[in-house]
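Now for the letters of each chain:
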Amino acid sequence: MSRRADHLVPDLVERARAGEVRAVARLISLVEDESPALREVMAALAPHTGHAQVVGITGSPGVGKSTSTNALVGALRATGRRVGVLAVDPSSPFSGGALLGDRIRMQDHASDDGVYIRSMASRGHLGGLAWSTPQAVRVLDASGFDVVLVETVGVGQSEVEVAAAADTTVVLLAPGMGDGIQAAKAGILEVGDVFVVNKADREGADRVRRDLRSMLSLGDRPADAWRPGIVKTVAQTGQGVDEVVAELDRHREWSQRTGALGRRRTRRARVEVEAIAVTTLRRRWADVGGREELDELAVAVAEGRTDPYTAADGLLSAFTD
């Protein structure tokens, strides 16, 4: 790392913690670009993390995730909380960047110093999030944001990964969406801590809520288990959004009281550490196909002088020595 980078990181962290939006944006850019300074950034931020409530927002396309996120930002700001938003968008096949760019649907808060909104490209990562989402969350947490909203890309039934990245997961559904309950059956139902039936002014909202309540009642739950709330909203007008905030607060209080928050964050850290380690190993192995040892072992396997498992063990030994 250059001397310039050595001086850059402490300054950026200090400015970000002081509330400077440009510094926050620069730190997240270092995360997304996988900068050589990233290790130093994460080390500098680590002592300042653990304060923010991380809320994942997911649901099938068309349920109103961006509109709901925008409404939630307003309701949270009304309580005096600083809010960071990471909106994960599909990637451009040409530039790799987020197709939607800065969310124009959230520009109501563009001039509010207590709100930071960032679009992140999924860059082909499955599960509704970007690979760099956990590190970006850490930047916002350490920068003093009280709540970090993570809005998934909107790919439907594969978005369950958000549950591993959030303290509280909000699942949105809407009447008239043919795959609403079907998506929940496929896995989203199991990850939801708060369920929101958006567009509740449409016909069928009560039926969706009733079906959800019925599905959530299935199966045995311990007496002290979390009971997800179901809230009807019209995000376009803000109707019901305060009730969603109340459910978020209720879940955080329960999580802290029962120790579930600590357990969930430990699992999240475990997944993150594992992902970084696996990625590092994969990069180290990127040139394995060009090693002479592999050619020699392949010939030995083809001629029957050894088996592929023994050859693989030999390659591992040669590569790690």
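Residues numbered from 1 in each chain as written. Predicted model: local features only at pLDDT ≥ 70, side-chain atom pairs only at ≥ 80, totals over all residues. Heavy atoms only, no water.

### Structural notes on the overall build of the protein chain
- When helices and strands are counted, the protein chain shows 12 helices and 7 strands.
- Across the 321 residues that make up the protein chain, the buried fraction comes to 48%.
- For the protein chain, the accessible surface area stands at approximately 16200 Å², while carbon and sulfur atoms represent 52% of it. (Helix = DSSP H or I, 4+ residues; strand = E, 2+ residues; numbered from the N terminus. Buried < 20%, exposed > 50% of the residue type's maximum accessible area, 1.4 Å probe, protein only. Areas by Shrake-Rupley, 256 points an atom, 1.4 Å probe, with all protein chains shown as cover.)

### With respect to helix α2 (residues 21-32)
- Taking 1.5 Å of rise per residue, 12 residues should cover 16 Å, and α2 covers 17 Å from first to last C-alpha, within 8% of that figure.
- Within α2 the residues assigned to the buried category are A23, V24, L27, I28, S29, L30, V31 and E32.
- Where α2 ends, the next residue or the one after it, E34, has phi of about 50°, a positive value. (Expected span 1.5 Å × (residues − 1).)

### Things to note about empty space enclosed by the protein
- Inspection of the entire model under this criterion finds 2 cavities of 30 Å³ or more.
- Taken as a whole, the largest cavity encloses approximately 70 Å³ of empty space.
- Lining the largest cavity we find I57, S68, L72, V170, L172, V196, T233, A235, V241 and V244.
- Among the elements of the structure, α4 (65-78), β5 (168-173) and α9 (241-258) are those that each provide at least two residues to the lining of the largest cavity.
- A per-class count over the lining of the largest cavity returns 8 nonpolar, 2 polar and no charged. (1 Å grid on protein atoms, 1.4 Å probe; cavity = no way out; pocket = protein on both sides within 12 Å on 5 of 7 lines; lining within 4 Å. Points joined across faces, edges and corners; volume = space filled by probe spheres on them. Nonpolar A, V, L, I, M, F, W, Y, C, P; charged D, E, K, R; others polar.)

### Section: the pairing of strand β6 (residues 194-197)
- Side chains V194 and V196 of β6 all project onto a buried face; the interleaved residues F195 and V197 project onto the opposite face, where all are buried too.
- Examined bridge by bridge, β5 and β6 share 4 bridges and lie parallel to one another. Paired with V171 across the two strands is F195, which belongs to β6.
- Direction of pairing for β6 relative to strand β7 (residues 229-232): parallel, over a ladder of 4 bridges. (Pairing = 2+ DSSP bridges.)

### Some words on unusual backbone geometry
- Its identity is not glycine, yet E34 carries a phi of approximately 50°, on the positive side.
- Positionally, E34 belongs in the loop between α2 and α3 (38-45).
- With a relative accessible area of 38%, E34 lands in the partly exposed category.
- At K199, a residue that is not glycine, the phi angle is positive and equals roughly 60°.
- Relative to the elements of secondary structure, K199 occurs in the loop between β6 and α8 (205-216).

### A word on the confidence of the model for the protein chain
- Per-residue confidence for the protein chain gives a mean pLDDT of 83, with 80% of residues at or over 70.
- At the low end of the mean pLDDT range in the protein chain sits helix α7 (residues 180-191), at 64; at the high end sits α9, at 98.
- Here residues 91-99 is a poorly scored stretch, pLDDT under 50, and it has 20 contacts once near neighbours within four places are set aside; other chains count.
- Low pLDDT (under 50) marks residues 123-129, which in the prediction has 26 contacts with non-local residues, meaning those over four places away or in another chain. (pLDDT = per-residue confidence, 0-100. Contact = heavy atoms within 4.5 Å.)

### Concerning the nonpolar core
- Core analysis: the biggest nonpolar cluster contains 29 residues, and L27, I28, L86, V139 and L140 have the highest contact counts within it.
- Of all the secondary-structure elements, those providing two or more residues to this core are α1 (3-17), α2, α3, β3 (115-121), α5 (133-142) and β4 (147-151).
- A total of 6 residues in this core trace back to one element, the largest contributor, which is α2.
- Excluding anything up to four places from it in sequence, V139 contacts V24, L27, I28, V31, M42 and L45.
- In terms of nonpolar packing, the next biggest core, distinct from the first, is built from 25 residues, I57, V63, V194 and A235 among them. (Core = buried A, V, L, I, M, F, W, Y, C linked by side-chain atoms within 4.5 Å.)

### Notes on the packing of α4 against α9
- One way to put it is that α4 packs onto α9 with a least axis distance of 9 Å and a crossing angle of 70°. With respect to α9, the element α4 is oriented roughly perpendicular. The segment α4 lies against α9, with A71, L72, A75 and L76 engaging V241, D242, V244, V245 and L248. (Axes fitted to C-alpha atoms, helices over the stretch in contact; angles between N-to-C directions. Parallel < 35°, antiparallel > 145°, perpendicular 65-115°, else oblique.)

### Observations concerning the environment of L149
- Residue placement: L149 occurs in strand β4.
- A relative accessible area of 0% means that L149 is categorised as buried.
- As a C-alpha pair, L149 and I117 span 32 residues in sequence and 9.3 Å in three-dimensional space.
- Discounting residues that sit within four places of it in the chain, L149 has contacts with V55, I57, T69, L72, V73, L76, V83, G84, V85 and L86.

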